[in-house]
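The chain contents come next:
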Amino acid sequence: MSGRVIVITSGKGGVGKTTTNANIGTALARMGKKVVMIDTDLGLRNLDLLLGLENRIVYTIVDVVEERCKLKQALVKDKKNPNLCLLAAAQTRDKTAVTEEQLKDICERLQKDFDFILVDCPAGIEQGFQNAVAGASEAIVVTTPEMSAVRDADRIIGLLEAKEEIKSYKLLLNRVRPNLIKSNDMMSVDDVVEILSADLIGIIPEDTGIITSTNKGEPIVNDEKSLAGKAYNNVARRIIGEDVPFLDLEEPQGVMAKVKKFFSGLIGEKR
Amino acid sequence: MILQNFYNKIIGFFRQTDTEVEESSKDTARNRLRVVLMQDRTNLTPELMERMRKEMVELLSRYVEMDKEALELNLEQDGEQVALMLSIPVIRAKDEEEIKATLAEEDAKKAKEAEEAEESEESEDTDETEEKEETEEVQEEESSEEEIFELTEEKTEKEPPKEQKLKEEK
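As the structure is a computational prediction, the values presented were derived from the model and not from experiment. (Residues numbered from 1 in each chain as written. Chains lettered and ligands numbered in written order. Predicted model: local features only at pLDDT ≥ 70, side-chain atom pairs only at ≥ 80, totals over all residues. Heavy atoms only, no water.)

*Asks:* I would appreciate a short explanation of the domain arrangement of chain B in the present structure.
*Replies:* Many analyses report the size of an interface as the accessible area lost when the parts associate. Residues and elements named next belong to chain B. Under the domain assignment, chain B is made up of domain 1 (1-43) and domain 2 (45-169). Every contact between the two is made by six residues of domain 1 and, on the other side, seven residues of domain 2. Regarding the contact of domain 1 and domain 2, the summed buried area is about 610 Å², with carbon and sulfur atoms giving 61% of it. Linking domain 1 to domain 2 there are zero salt bridges. At the junction of domain 1 and domain 2, the tally comes to zero residue pairs in polar contact (both at pLDDT 80 or more). Residue composition of the side of domain 1 that touches domain 2, by class: two nonpolar, three polar and one charged. (Domains from an automatic or database assignment. Contact = heavy atoms within 4.5 Å. Buried area = accessible area lost by both parts, 1.4 Å probe. Salt bridge = Lys/Arg side-chain N within 4 Å of Asp/Glu carboxyl O. Polar contact = N/O pair within 3.5 Å; in protein donor to acceptor, adjacent residues only side chain to side chain. Nonpolar A, V, L, I, M, F, W, Y, C, P; charged D, E, K, R; others polar.)

Below is the structure:
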């Protein structure tokens, strides 16, 4: 088995890289894929919190690199899903504790046992980014429909294109607010896609449920009712090659329209 | 009720004019982004833009007298595309004599510079190659003079326009 190594990156901080990582990883694991997530944000780890695994971490990626433990020992199994593992970042060290070569080596070793290796990249374009990208052959660029996030995404895309190892990259548009787009106060999905001219792999609506799910340490894809959860699930399905249409995020007006939309949505989903 | 109606009408009136006058904030964002990404992607730093501006001034002032300080060179949003906009406030079009004079001056300057460059090169070179280079030099000068003469004839036939906007679409 040779797993796919996908780096999840954005340039700008706070656009939802780690949330995306936790949700795509969980969704893929729910589909029966063996998934390992690597948090490379040394010194600022957060993926463990989003997965509710913060109390189970014994060894980190730095311990693996400095040979204080075996790679297998450092993998933390998810509470619910045995297919899902986390290789946590060290909280007490900085980005120089792991090199590009070492990360590449870890990815190569994990490829033998897992279908997917999702690398959570730190914000910025410095060494932390270079490290995270080193072992990957695919990338998901997370951005939001805001100027600063799009500009940073453009920088990241430029850097990814210059990397020979990165064979493909896809755009994930996060925190989309349909009502703002409708009132012409937010760039639309089409605007962003056109400006960045990249292929889209997902559109995730802004969802307050993300906050509560982070509070609980449980990714929102576990919540069947959540629209954001559904959108993340669709991203996972697209990753494994399914052809899934993008969700219609336009909020219907009025109660009757909502009811109608709900039923037509159900029919649409079954088809 | 009447008061409320009145209020709504006033509000409605202001809203209408708002949407008519201003572009939506989304369009502003999109257009600003296009320009900024253009700059990001092309490595055209402010210093390079300034240099380009200066070179433009130098080149164009051979043919027209213009307000050098007011010359603007910017990347701008032009409909769906980003354009390189050059706006030149022309004071006066130069006449044929003047243009010829400035070109001749430029030409002399260039020839002098070339000579100096040759001299400095020659001092580094060995004696054997010296003679050859000298003959080449003479030939080059002759041909360049001819070219420039042709150019002046072409240019002087047309009157330069008062306000020129050059576009280079990318």
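*Asks:* Got a minute to help me understand the packing of helix 7 (residues 147-162) of chain A against helix 9 (residues 189-196) of chain A in this structure?
*Replies:* In a packed pair of helices, the relevant descriptors are the angle between the two axes and the axis-to-axis distance. Residues and elements named next belong to chain A. The contact between helix 7 and helix 9 brings their axes to 10 Å, and the two run at 35°. Note on packing geometry: the crossing formed by helix 7 with helix 9 is right-handed. Residues Val-150, Ala-153, Asp-154 and Ile-157 of helix 7 pack against Val-192, Ile-195 and Leu-196 of helix 9. Each residue belonging to the contact of helix 7 with helix 9 can be placed in one class, and the counts come to six nonpolar, no polar and one charged. (Axes fitted to C-alpha atoms, helices over the stretch in contact; angles between N-to-C directions. Helix = DSSP H or I, 4+ residues; strand = E, 2+ residues; numbered from the N terminus. Left-handed = near helix turned anticlockwise from the far one by under 90°.)

*Asks:* How do you make sense of the interface of chain A and chain B when you look at a structure like this?
*Replies:* Contacts between the two partners involve 13 residues from chain A and, on the opposite side, 13 residues from chain B. Both faces combined, the contact of chain A with chain B buries some 1300 Å², and carbon together with sulfur accounts for 56% of it. Counting the surface chain A buries against chain B, the share from its top three residues, Met-147, Arg-151 and Ile-195 of chain A, is 44%. Linking chain A with chain B are four salt bridges, by the criterion used here.

*Asks:* Is there a simple way to think about the environment of Glu-97 of chain B in this case?
*Replies:* Structurally, Glu-97 of chain B is set in helix 4 (residues 96-124). Considered as a pair, Glu-97 of chain B and Glu-116 of chain B are 19 residues apart in the sequence and their alpha carbons are 29 Å apart.

*Asks:* Teacher, can you tell me more about the environment of Met-1 of chain A here?
*Replies:* All names here are of chain A. Position of Met-1 relative to the elements: it lies in the segment before strand 1 (4-9). Here the alpha-carbon distance between Met-1 and Leu-110, two residues 109 residues apart in the chain, equals 10.0 Å. Every residue in contact with Met-1, bar those within four places of it in the chain, is listed here: Gln-111, Lys-112, Asp-113, Phe-114 and Asp-115.

*Asks:* Explain the side chain of Thr-9 of chain A here, please?
*Replies:* Residue and element names in this part refer to chain A. Checked against the element boundaries, Thr-9 lands in strand 1. Judged by relative accessible area, Thr-9 falls into the buried class, the value being 0%. Beyond its immediate stretch of four places on either side in the chain, Thr-9 contacts Lys-17, Cys-121, Phe-129, Ile-140, Val-141, Val-142, Ile-156 and Leu-160. (Buried < 20%, exposed > 50% of the residue type's maximum accessible area, 1.4 Å probe, protein only.)

*Asks:* Just to check I follow, could you spell out a negative patch on the surface for this structure?
*Replies:* Together, Glu-100, Glu-101, Glu-108, Glu-164 and Glu-165 of chain A give the surface a local cluster of negative charge. The class for Glu-100 of chain A is partly exposed, based on a relative accessible area of 33%. (Patch = residues over 30% accessible without salt bridge, like charges linked within 9 Å, V, L, I, M, F, W, Y side chains within 5 Å. Areas by Shrake-Rupley, 256 points an atom, 1.4 Å probe, with all protein chains shown as cover. Lys, Arg positive; Asp, Glu negative; His and termini not counted. Charge placed at Lys NZ, Arg CZ, Asp CG, Glu CD.)

*Asks:* I keep staring at the sheet that holds strand 2 (residues 35-39) of chain A and nothing clicks. Help me out?
*Replies:* Backbone hydrogen bonds hold the strands of a sheet together, and the pairing may be parallel or antiparallel. All names here are of chain A. If you walk across this open sheet you meet the eight strands as 3-4-2-5-1-6-7-8, and the pairing is mixed. At either margin of the open sheet sits one strand with a lone partner, and together these are strand 3 (75-77) and strand 8 (200-205). When strand polarity is set aside, the average angle formed by the axes of neighbouring strands in this sheet is 20°. In this structure, strand 2 lies alongside strand 5 (residues 116-120), joined through five bridges in parallel fashion. Within strand 5, the residue paired with Asp-39 across the bridge is Asp-120. Each of strand 1, strand 6 (138-143) and strand 7 (168-176) touches helix 7; the most contacted strand, strand 6, lies at about 165° to it. (Pairing = 2+ DSSP bridges.)

*Asks:* Sorry if this is basic, but what is going on with the pairing of strand 6 of chain A here?
*Replies:* In regular strands, side chains alternate between the two faces of the sheet. Residues and elements named next belong to chain A. Burial runs high along strand 6: six of the six residues are buried. Burial along strand 6 is two-sided: Glu-138, Ile-140 and Val-142 and Ala-139, Val-141 and Thr-143, pointing in opposite directions, are all buried. In terms of strand pairing, strand 1 meets strand 6 through four bridges, oriented parallel. Its bridge partner being in strand 6, Ile-6 is matched across the sheet by Glu-138. With six bridges joining them, strand 6 and strand 7 adopt parallel strand pairing. The residue of strand 7 that forms the bridge with Val-142 is Leu-172. Note on the crossover from strand 6 through helix 7 to strand 7: the handedness is right-handed. (Right-handed = clockwise from strand over helix to strand, strands pointing away.)

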